[in-house]
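Each chain, letter by letter, is given below.
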Amino acid sequence: AGAGVPQQRSREETEGAGQGMGHGGEATAETGRDAEALEARAERRLRRAKRAVRDEIGLHEWSAQGYAEDPEALSIQGLVDSVERIDGTEVSAEEFVRRFEQPSRPVVITNLTGRWPAAREWADLDRLVQKRGSCRFKVGSDKDDYSVRVRLRHFVHYLRHQQRYKDDSPLYIFDSMFADRRRSRDMRAEYDVPPYFREDLFQYVSERRRPPHRWLVIGPARSGSWCHVDPLATSAWNALLRGRKRWALFPPGTEKRLVNPDIEPDEAIDWFRKVFPRTQREGWPAAKPITIIQHPGETVFVPGGWWHAVLNLDLTVAVTQNFASTTNFREVFRASYKSRPKMATKWMENLKVHRPDLARIAEYEAQFIEPKRSRKSKRKRSSPKRADGSQEKSPRGGASGSRSRSRSPARAAS
């Protein structure tokens, strides 16, 4: 790092960089050129990221729907937030399990984040860029399912110039590795897992095998996640440090075809503009969605199996984690054994040492579950053989298919 780096970061952090920052002619000109160079570099990196994340559309099509100019796109008029709110300093962990986790009831918790360093350091973009501007964070995946990352200073440039971009569904940091990479791993020490969610049964799977379970989430208005159920039947908590989020939740058992229809475009803003209105019509054949308008300092608990879509109403900063606990273990193990049998088998063996009570449940459930074959196994069985006995390459599919939502970083969690 050179002596000029902090100055460059400071200029990049400030909207209108280069204006009024110099008094001598040469110094002012040099400052202006530096600011222009930084802005040009950010623009190039952002264009590259957009092309990689959504290669099926051109850059001009990112604003084709005109949502940035539509006052109704982010309107919450008429919505009723009916979800119970509890004070995290007044409800014990035992009471929480009894009232919310066991009966699978979503709830909003207050007074959990006030003492976190993250509440100060992450919510303030100037501080965040000054400390971590050169760190790269994931904003999506490319057609081959490789992560697409951008430097935080470039992403903050994007956040501060939304009136210029006017993207319908903007880029969105949704990074599950932020606490593992060398340059940002200390961020893990800047927040605390709330006391209700500290049981971590996936710790009994090796770090190499355990599923992704925590995400740094930063995005502007209109970003978010399409309606989904969190992976492996896990439950989740989402602590909001800045901005507001709109949630729509449907109980377990809601038919997928109703809340996750096959439409294009299929971004969060499209779900709330096109699918949510259907749920309000007379004759909607399922439970009406539960609405939450989440504010800074509030933590949303989403029990396993609940469908949910999330839309950022403002520039938001949040941290979220998924977890397996004693309460949801049976459902999580079933889902894990079905879709990731090797990991689940290793998990079961380790539980025999650390939690023999849960290992017995796992052994019982495993008798009735037929694990899914891996994609590799399926290709080997289904691909036609050539005359020389080798197999033809199967068409691209799964995460690298053409549907844009399969590559969104926000599909696994909110």
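The present account deals with the structure reproduced in this document.

### Focus: helix α3 (residues 93-101)
Phase 1 of the analysis: When α3 is considered as a whole, its buried residues turn out to be Phe 96, Phe 100 and Glu 101. Along the long axis of α3, the arc covered by the buried residues comes to 70°, so they all point the same way. What points out from α3, more than 90 degrees from its buried face, is the exposed set Glu 94 and Arg 98.
Phase 2 of the analysis: On the buried face of α3, the contacting elements are β1 (85-87), β2 (107-110), β11 (299-302) and β13 (316-323).

### What about the packing of helix α10 (residues 329-339) against helix α11 (residues 341-354)?
Two quantities define a packed helix pair, namely the angle between the helix axes and the distance between the axes.
Phase 1 of the analysis: One can describe the packing of α10 onto α11 by two numbers: an axis separation of 6 Å at closest approach and a directional angle of 135°. As summarised for this structure, α10 and α11 are arranged oblique, according to the angle between their axes. Taken together, the residues of α11 that come into contact with α10 (itself represented by Phe 329, Val 332, Phe 333, Ser 336, Tyr 337, Lys 338 and Ser 339) are Pro 341, Met 343, Ala 344, Thr 345, Trp 347, Met 348 and Leu 351.
Phase 2 of the analysis: Grouping the constituent residues of the contact of α10 with α11 by class yields 10 nonpolar, three polar and one charged.

### Considering the sheet that holds strand β9 (residues 245-250)
Phase 1 of the analysis: An order of β7-β12-β9-β10 is seen for the four strands of this open sheet, with the pairing classed as antiparallel. The two strands at the open ends of the sheet, each matched to only one other strand, are β7 (224-228) and β10 (290-294). Strand-to-strand twist in this sheet, taken as the mean axis angle between neighbours without regard to direction, amounts to 15°.
Phase 2 of the analysis: In this structure, β7 lies alongside strand β12 (residues 307-312), joined through three bridges in antiparallel fashion. Following the sheet pairing, Ser 225 is matched in β12 by Val 310.

### Regarding a positive patch on the surface
Phase 1 of the analysis: Together, Arg 41, Arg 44, Arg 47, Arg 48, Arg 51, Arg 136, Arg 182, Arg 183 and Arg 185 make up a region of like positive charge exposed at the surface.
Phase 2 of the analysis: Residue contributions to the positive patch peak at five residues, all from helix α2 (residues 25-53).

Analysis parameters
Residues numbered from 1 in each chain as written. Predicted model: local features only at pLDDT ≥ 70, side-chain atom pairs only at ≥ 80, totals over all residues. Heavy atoms only, no water. Buried < 20%, exposed > 50% of the residue type's maximum accessible area, 1.4 Å probe, protein only. Helix = DSSP H or I, 4+ residues; strand = E, 2+ residues; numbered from the N terminus. Arc of directions from axis to C-beta. Contact = heavy atoms within 4.5 Å. Axes fitted to C-alpha atoms, helices over the stretch in contact; angles between N-to-C directions. Parallel < 35°, antiparallel > 145°, perpendicular 65-115°, else oblique. Nonpolar A, V, L, I, M, F, W, Y, C, P; charged D, E, K, R; others polar. Pairing = 2+ DSSP bridges. Patch = residues over 30% accessible without salt bridge, like charges linked within 9 Å, V, L, I, M, F, W, Y side chains within 5 Å. Areas by Shrake-Rupley, 256 points an atom, 1.4 Å probe, with all protein chains shown as cover. Salt bridge = Lys/Arg side-chain N within 4 Å of Asp/Glu carboxyl O. Lys, Arg positive; Asp, Glu negative; His and termini not counted. Charge placed at Lys NZ, Arg CZ, Asp CG, Glu CD.

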